[in-house]
Amino acid sequence: MNLIDAVSSLQLFKRKETPKKLTTVWGEQLDPEHVLEEYPRPQLKRNAWINLNGYWNYRITKEKKYPGNIKDQILVPFSPEASLSQVNHMLLPDEYLWYEKSFDLEDFPSRYPDKRLILHFGAVDQTCAVWCNKKFVCSHRGGYLPFSAELTPYLRQGVNTITVRVQDETDTSFQSRGKQTLRPGGMFYTPQSGIWQTVWMEWVPENYITELSITPLFDESSAIVEITMKEDSSCEKKIEVYADGREVYSGQTKSGILSIPIRDLRPWSPESPFLYDLTITAGNDSICSYFAMRKFSARTDSKGIPRLCLNNQPYFQNGVLDQGYWPDGLYTPPSDDAMIFDIQSMKDLGFNMIRKHIKIEPLRWYYHCDRLGMIVWQDIVNGGGRSYLTFLCYLPTLLPFVTAHFKDSHYKLFSRCDAKGKKLWLRECKSTVRHLYNCPCIGLWTAFNEGWGQFDAVKVTNLIHSLDNTRPVDHASGWYDQHCGDIKSVHNYFRPIKAALDSRPFVLSEYGGYICHIPEHSYSQQVFGYLKCKDTHEFTRKFYDVMKEIKEANKEGLCAAVYTQVSDVEEEANGLFTYDRKVCKVTDTPHGQKQR
C-alpha cells in the first residue's frame with residue numbers, strides 16, 4: 001500500500017478559498033427560450049405534450065405559508081445553487097423555495113375537452129407540495145424520482161397557475177442526498193435543491209396507460225410486455241414491434257400481459273446496441289417505446305472462474321465512475337448534447353460501462369446509453385444520518401481487511417438508527433428499480449456504497465431480486481461485505497491490482513483516481529484525489545499503465561473494473577476530463593492536449 005498517498009487523501013488540513021466559476025460549452029450556448037426541449041420519457045412516449053422548462057417566478061422565504069409577490073425569475077430546471085438558474089443561492093434547511101408558472105389553455109392547439117391533463121416533474125429535491133389555481137394538488141418526498149399529478153379538476157378557462165413549494169434538508173436529515181452537503185469539500189459537493197429535471201404536461205384520454213414493463217427473455221427469444229391502465233384494463237390492446245423500421249410482430253390482447261416472440265433475434269451489446277421499436281394502442285391511448293434483447297448473468301468459465309456474462313458469454317465490463325455533476329448545472333445536464341458527449345467520450349476512451357454513482361439521471365441519459373451502447377451499473381441513492389467517516393472511509397481505506405468483521409445490523413455505526421429513514425429508503429429503492437426497469441443498458445444494481453447508510457443488506461438484496469431477477473446485485477460496493485449479492489465488490493486506490501477469487505465474480509468497483517490539476521480549468525486550487533500527476537503526459541502514461549494491469553488481472557479472474565472518474569468534480573481533480581469538459585487529460589501523444 002502507498003501509505004503516504006492514502007493519508008494525504010484524507011485532507012486533514014484545508015484552507016478556505018473562493019471557488020472559480022466554470023462553464024461548459026453547452027451552458028455558454030444555452031438559449032433560455034429553448035431549455036432541454038427533447039421529450040423527457042423516451043421509454044413511454046406520447047405526442048400531445050407541453051414543455052414547461054424556461055423561466056418561472058420564484059421567491060425564497062422563512063415562512064411555510066404562501067407569501068404572494070412571487071416575481072423574481074429562475075431558469076427551470078436548474079436549481080437555485082446552479083449558475084444556469086441565474087439565482088446563485090444555497091437553499092438552507094429552514095428556508096422555503098416557492099415557484100410559480102402560469103399557462104393559458106387557449107395557447108394550445110386544442111384543449112382536448114374529453115381528455116386529462118397530467119403534470120409531470122422529473123425530479124424535485126427534496127420535499128415539495130404542488131397547487132393549481134391555489135388548490136392543493138399533491139405532495140412528494142424524495143429528491144431523485146419522478147412524480148405526476150392530474151390537473152384536470154383544477155383547470156379553468158384562460159390562464160392557469162401552478163405553484164410549487166420546496167424544502168431541502170440536504171445532509172441534516174436521513175433523506176437520500178447522494179454526495180450533496182451543506183459544507184462541500186473533498187469528495188462531497190455543493191448541494192442543489194428544487195426542480196432539477198424537466199417539468200412537462202401531457203394530454204391523455206380518460207383511460208390511459210400508466211405503466212409499461214418490458215422483460216427480454218434472451219434464452220427463449222421472446223419478450224414479456226406488461227401494460228397497466230388507469231381504469232379499465234380489459235380494453236383491446238394492439239402491440240407492434242419494428243426492427244429497422246420493418247414490422248416484425250403484431251398482436252392483440254385484452255389482458256395486461258403479452259409474450260412476444262422475437263424471430264431472427266438481434267442481441268444488444270456495447271459493440272452492437274440494437275433496439276427494437278414498440279408501439280402500443282390501448283383504447284384511445286397510443287404510446288411508443290423500445291426494448292433490447294440482452295441478458296446479464298454470472299457463470300463459471302472453462303477454468304472454473306466465476307465471470308460476469310453478457311448474452312451467456314463471459315464479458316469483461318470495463319467501467320468508469322460517473323458522479324453526474326456539471327459546473328454550471330450541478331445535477332442538471334445543460335443540454336441533451338452534453339449528456340451524449342460524456343457517454344460517447346467514455347466509449348471513445350475504451351470503456352463499455354458506466355457506474356452511475358449515487359444519483360439518478362434524467363431518463364434521456366439512459367436512452368442515450370441504450371442507443372449508443374453503454375452498460376450502466378446503477379447505484380441506489382444513499383441516505384441515513386451523518387456518516388462516521390472514521391468508520392466508513394478512513395478505516396476501510398487504510399485497513400480494508402477489518403471490514404469483513406462488521407455486520408450491518410450495527411445500525412449506529414452505519415448511521416441507520418432511524419426507522420422512518422430506513423422505511424423511506426426501501427420505498428425509494430423499490431421505486432428506482434421500477435423507474436429504470438425498462439432501460440436495456442442497466443446491467444447491475446448497487447444497493448449500498450462504502451457502507452453509507454447501509455443496513456440489512458441481505459434482506460435488501462433479496463428485495464431487489466424479487467423486483468428484478470434479470471440483473472445482478474452488488475449489495476455492498478467497496479467494503480462491509482455481508483457475504484450475499486451476486487458479486488464480490490472491492491475498492492482499491494492504494495494497493496497493487498490483483499484478482500481475489502471468490503465464489504462470486506470478483507469486481508474492482510472503484511480504482512484509479514489519479515490527479516491531474518489543470519488550474520485554468522479547475523474549480524478550486526484545493527485538490528482532492530489519490531495520486532498526483534505533474535501534467536497530462538504523466539497522467540496519460542499512468543492511465544494506460546493501470547489499464548494494462550486491469551487487463552492482466554482479468555486473465556486471473558477480475559470480471560469488471562470501474563475507473564474513477566469521468567470528470568473532475570469541484571475539488572476532486574481526478575477526472576479523465578476537466579470539470580468544464582473542455583480538456584481531456586488522456587492525450588493522443590505524450591505532448592499536447594485534446595481540447596474541445
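For clarity, every value in this text was computed on a predicted model and none was experimentally measured.

Novice: How do you make sense of the domain arrangement of the protein chain when you look at a structure like this?
Specialist: Many descriptions give the size of an interface as the accessible area lost when the pieces come together. When its domains are assigned, the protein chain resolves into domain 1 (31-205), domain 2 (209-283) and domain 3 (315-577). Facing 40 residues of domain 1, the contacting portion of domain 3 comprises 51 residues. A combined buried area of about 3,700 Å² lies between domain 1 and domain 3, and 61% of that area is made up of carbon and sulfur atoms. Of all residues in domain 1, Gln43, Phe174 and Tyr189 bury the most surface against domain 3, accounting for 18% of the area lost on that side. Linking domain 1 with domain 3 are two salt bridges, by the criterion used here. Between Lys179 and Glu572 there is a salt bridge, and its shortest N-O distance comes to 3.9 Å. Remark: the boundary between domain 1 and domain 3 carries 18 residue pairs in polar contact (both at pLDDT 80 or more).

Novice: What exactly am I supposed to notice about the nonpolar core here?
Specialist: The nonpolar side chains of a soluble globular protein tend to be buried, and buried together. In this structure, Met346, Tyr366, Tyr511, Tyr563 and Leu576 are the most contacted members of the largest nonpolar core, which totals 80 residues. Looking at this core element by element, the count peaks at six residues for helix 8 (residues 536-556). Built from parts of two domains, this core gets at least three residues from each of domain 1 (31-205) and domain 3 (315-577). With 33 residues, the next largest nonpolar core counts Ile50, Phe108, Ala149 and Ile162 among its residues.

Novice: Sorry if this is basic, but what is going on with the environment of Pro146 here?
Specialist: Secondary-structure assignment places Pro146 in the loop between strand 8 (135-141) and strand 9 (147-150). Of the residues examined, Pro146 reaches a relative accessible area of 36% and is grouped as partly exposed. The spatial distance from the C-alpha of Pro146 to the C-alpha of Thr198 is 9.7 Å, given a sequence separation of 52 residues. Once residues lying within four places of it in the same chain are set aside, the contact partners of Pro146 are Phe121, Gly122, His140 and His435.

Novice: It is not clear to me how a negative patch on the surface should be interpreted in this structure. Could you clarify?
Specialist: Taken together, the side chains of Asp31, Glu33, Glu37, Glu38 and Asp337 make up a negatively charged region of the molecular surface. Inspection of the secondary structure puts Asp337 in helix 3 (residues 336-348).

Novice: I would appreciate a short explanation of the sheet that holds strand 14 (residues 222-229) in the present structure.
Specialist: The pairing of strands in a sheet happens through backbone hydrogen bonds and is either parallel or antiparallel. With antiparallel pairing, three strands are arranged side by side in an open sheet as 13-14-17. Edge positions in the sheet fall to strand 13 (209-217) and strand 17 (257-261), since each of these pairs with one other strand and no more. The sheet shows a mean angle of 20° between the axes of neighbouring strands, direction not considered. Relative to strand 17, strand 14 runs antiparallel, the two being bridged by five bridges. Looking at strand 17, one finds that Ala223 is bridged to Ile260.

Novice: How should I be thinking about helix 8 in this particular structure?
Specialist: Note on helix geometry: an α-helix contains 3.6 residues per turn, so any two residues three or four positions apart are oriented the same way. Along its 21 residues, helix 8 runs 30 Å from first to last C-alpha, staying within 8% of the 30 Å computed at 1.5 Å per residue. For helix 8, the complete set of buried residues consists of Thr536, Glu538, Phe539, Thr540, Lys542, Phe543, Val546, Met547, Ile550 and Ala553. Looking at the buried positions of helix 8, the neighbouring elements they touch are strand 23 (317-322), strand 29 (506-512), strand 30 (514-515), strand 31 (531-532) and strand 32 (558-564). Sitting at the head of helix 8, Asp535 places a side-chain oxygen 3.2 Å from the backbone nitrogen of His537. Directly after helix 8, the chain includes Gly557, whose backbone phi takes a positive value near 130°.

Novice: I keep staring at the UniProt feature "domain: Glycoside hydrolase family 2 catalytic" (unreviewed entry) in the protein chain and nothing clicks. Help me out?
Specialist: In the numbering used here, UniProt assigns the feature "domain: Glycoside hydrolase family 2 catalytic" (unreviewed entry) to residues 337-582. Strand forms 16% of residues 337-582 and helix 33%; the C-alpha atoms that close the span are 14 Å apart.

Novice: Before we go on, may I ask you to explain the layout of surface pockets in this structure?
Specialist: The method is simple in principle: a probe with the dimensions of a water molecule rolls over the atoms, and the space it marks as empty is what remains. Of the volumes computed, that of the second largest pocket is approximately 820 Å³. Lining the second largest pocket are 41 residues, with Gly185, Met187, Phe188, Leu389 and Tyr394 positioned closest to its centre. Looking at the lining of the second largest pocket element by element, the count peaks at five residues for helix 5 (residues 389-398). Its residues placed into classes, the lining of the second largest pocket shows 15 nonpolar, 16 polar and 10 charged.

Thresholds, definitions, all that
Residues numbered from 1 in each chain as written. Predicted model: local features only at pLDDT ≥ 70, side-chain atom pairs only at ≥ 80, totals over all residues. Heavy atoms only, no water. Domains from an automatic or database assignment. Contact = heavy atoms within 4.5 Å. Buried area = accessible area lost by both parts, 1.4 Å probe. Salt bridge = Lys/Arg side-chain N within 4 Å of Asp/Glu carboxyl O. Polar contact = N/O pair within 3.5 Å; in protein donor to acceptor, adjacent residues only side chain to side chain. Core = buried A, V, L, I, M, F, W, Y, C linked by side-chain atoms within 4.5 Å. Buried < 20%, exposed > 50% of the residue type's maximum accessible area, 1.4 Å probe, protein only. Helix = DSSP H or I, 4+ residues; strand = E, 2+ residues; numbered from the N terminus. Patch = residues over 30% accessible without salt bridge, like charges linked within 9 Å, V, L, I, M, F, W, Y side chains within 5 Å. Areas by Shrake-Rupley, 256 points an atom, 1.4 Å probe, with all protein chains shown as cover. Lys, Arg positive; Asp, Glu negative; His and termini not counted. Charge placed at Lys NZ, Arg CZ, Asp CG, Glu CD. Pairing = 2+ DSSP bridges. Axes fitted to C-alpha atoms, helices over the stretch in contact; angles between N-to-C directions. Expected span 1.5 Å × (residues − 1). UniProt positions renumbered as here; feature names shortened; annotations may be inferred. 1 Å grid on protein atoms, 1.4 Å probe; cavity = no way out; pocket = protein on both sides within 12 Å on 5 of 7 lines; lining within 4 Å. Points joined across faces, edges and corners; volume = space filled by probe spheres on them. Nonpolar A, V, L, I, M, F, W, Y, C, P; charged D, E, K, R; others polar.

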